[in-house]
Structures are given as structure tokens and as C-alpha cells.
Amino acid sequence: MRKSILSVLVTALLLVSASTAYAADQNSTPEPKIKVGDAAPDFSLRDQTGKEVKLSDFRGKKNVVLAFYVFAFTGG
Amino acid sequence: MKAFQDQLKKLEGADTQVLGVSMDSPFANKAWAAQIGVTFPLLSDMGGDTSKEYGVYNSTYKAARRVTYLIDKEGKVVEMQKDRDAIDPSSVVTSCERRKMKS
């Protein structure tokens, strides 16, 4: 009986410390500065063919999906 | 980015331009685009100015974080997805198609 109580306590303790570590990890990545409702800052960047592309090129014409990715040659 | 390429017809049909952005060089992006068959622009934010301005720069990896924005025709952010959620474009596709129907 006592053993089972002890194991429950140990499990609970492990869970608490794991979730604290997880929360700390989440906090180390700050929220993006630009959020829903903000004006998207303009940029002028070179594409894979060497052409400059501006966000403002699409103003009034198209929606833009702006997909930031970590590294080329990786998934996602 | 492959997932966005797969949905490109639908997105373009809903008046939407897809732009990928990373801190890779245009040369790396060119080779990668050819390898995975991406035809939309992959923009090179070397130095990370744009990533930092949007607040998606990850100082640990010295790279952009996986974040997807949907920006409307007026230049306003209408949707944002982070990390794992940002990989699947289906919710962005749905909102673009909905916006198209409304307009």
C-alpha cells in the first residue's frame, strides 16, 4: 500500500518537473513581433532567380502567404 | 515548402501569392527549389533583417522560425501560424478561398 502511494507521488513529481521544463522551453521562444491585425512591414528581398521581390508589389492585387522557413534542404 | 507547392493552384486561384522566406542564399534556394519542384519565389533574407523585423528570428539557430503569415490585399496580417502548425497550409487555403468568395 505504502509502496503504491510512494510511486504515485514520484510519478506526480516527475510530471510536474517535466511540464515545468516544457513551459520554460516554450518561453525561451518569444512571440513573433508581428501579429494578427498588424500591418505587415514591407521588404525587398532577392528570390532564387535573383529578382527583387517586394511585399508592396502585391498591395491591392493579391493576398500574400508569407512562409518563413528555417533552412533550405530541410522538411516543412 | 513542398506542402505549399502542392496547394499552389488553389491558392493562386484564390488571388493569393505564396512567398517563402529564409536566411539562406539565393543559390541555396535555387538548388533547393529545383530539387523539390518549388515554382514560387523563395526569398533570401541574408543577415535576417526581415526575420528580425517580424520577430521570427531564432537566436539559437541563427535562422528564421517556422511561421506562416496570411496578409490581405491591404497589407494587414489576417492569420498567423507558428512552428508545427505552420507546416500544413490547409487552413490558409481555406481562408483564402473564403476571402475569395466574399469579395
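Residues numbered from 1 in each chain as written. Chains lettered and ligands numbered in written order. Predicted model: local features only at pLDDT ≥ 70, side-chain atom pairs only at ≥ 80, totals over all residues.

**What about the overall build of chain B?**
Secondary structure assignment for chain B yields five helices and six strands. Along chain B, helices (α) and strands (β) appear in the sequence α-α-β-α-β-α-β-β-β-β-α when read from the amino end. The C-alpha atoms of chain B give 14 Å as radius of gyration, which agrees with the globular expectation for 103 residues (13 Å, within 12%). The principal-axis extents of the C-alpha atoms in chain B amount to approximately 40 × 30 × 25 Å. (Helix = DSSP H or I, 4+ residues; strand = E, 2+ residues; numbered from the N terminus. Rg over C-alpha atoms; globule rule 2.2 N^0.38 Å.)

**Focus on the overall build of chain A**
Of regular secondary structure, chain A possesses one helix and three strands. Along the chain direction, N to C, the helices and strands of chain A fall in the order α-β-β-β. Here chain A, with 76 residues, has 20% of them falling under the buried criterion. (Buried ≥ 20, exposed ≤ 12 C-beta atoms within 10 Å, placed from the backbone.)

**Observations regarding the nonpolar core**
The nonpolar side chains of a soluble globular protein tend to be buried, and buried together. Counting 41 residues, the largest nonpolar core has Val65, Leu66 and Ala67 of chain A together with Leu19 of chain B as the members making the most contacts within it. Per-element accounting of this core gives the leading share, five residues, to strand β3 (residues 63-68) of chain A. Excluding residues that lie within four positions of it along the chain, leucine 19 of chain B makes contacts with Val53, Val64, Val65, Leu66 and Ala67 of chain A together with Phe40, Pro41 and Leu43 of chain B. (Core = buried A, V, L, I, M, F, W, Y, C linked by C-beta atoms within 7 Å. Contact = placed C-beta atoms within 7 Å.)

**Focus: unusual backbone geometry**
Its identity is not glycine, yet phenylalanine 73 of chain A carries a phi of approximately 65°, on the positive side. Within the secondary structure, phenylalanine 73 of chain A sits in the segment after β3. Residues other than glycine seldom take positive phi values, yet aspartate 15 of chain B does so here, at roughly 55°. Among the structural elements, aspartate 15 of chain B can be located in the loop between α2 (8-13) and β1 (16-22).

**Describing the pairing of strand β6 (residues 77-82) of chain B**
Residue and element names in this part refer to chain B. Where strand β5 (residues 67-71) and β6 come together, five bridges link them in antiparallel fashion. Directly across from threonine 68, in β6, lies its bridge partner glutamine 81. What sits between the antiparallel neighbours β5 and β6 is a turn of five residues, in which glycine 75 has the positive phi angle 85°. (Pairing = 2+ DSSP bridges.)

**Thoughts on the pairing of β3 of chain A**
Taking burial as the measure, the six residues of β3 of chain A include six buried ones, the bulk of the element. Across the two faces of β3 of chain A the burial is the same, with Asn63, Val65 and Ala67 of chain A and Val64, Leu66 and Phe68 of chain A all buried. Relative to β1 of chain B, β3 of chain A is paired through six bridges, and the arrangement is parallel. Considered in β1 of chain B, the bridge of phenylalanine 68 of chain A is made with valine 21 of chain B. Bridge analysis of β3 of chain A against β5 of chain B gives five bridges, and the strand direction is antiparallel. Among the inter-strand pairings, valine 64 of chain A is bridged to a residue of β5 of chain B, identified as isoleucine 71 of chain B.

**Side note on helix α3 (residues 26-36) of chain B**
Since the α-helix advances by 3.6 residues per turn, residues separated by three or four positions end up pointing in the same direction. Residue and element names in this part refer to chain B. Every buried residue of α3 is listed here: Asn29, Trp32 and Ala33. All buried residues of α3 project into a common sector of 105° when viewed along the axis, lining one side. Opposite its buried face, α3 presents the exposed residues Phe27, Ala34 and Gln35, each directed more than 90 degrees away. Of the surrounding elements, those touching the buried residues of α3 are β2 (42-44). Looking one or two places after α3, you find glycine 37, whose phi comes out positive at around 75°. (Arc of directions from axis to C-beta.)

**Quick look at the interface of chain A and chain B**
How big an interface is tends to be expressed through the accessible area that disappears when the partners come together. Each partner contributes to the interface: chain A provides 36 residues, whereas chain B provides 51 residues. Listed by contribution, the elements that provide at least two residues to the side of chain A that touches chain B are β1 (44-46) and β3 of chain A. Considered class by class, the residues forming the side of chain A that touches chain B number 21 nonpolar, seven polar and eight charged. (Nonpolar A, V, L, I, M, F, W, Y, C, P; charged D, E, K, R; others polar.)

**Topic: helix α5 (residues 90-102) of chain B**
Over its 13 residues, α5 of chain B extends 19 Å from the first C-alpha to the last, a length consistent with the 18 Å expected when each residue adds 1.5 Å. On its buried side, α5 of chain B packs onto β3 of chain A together with α2, β1, β5 and β6 of chain B. (Expected span 1.5 Å × (residues − 1).)

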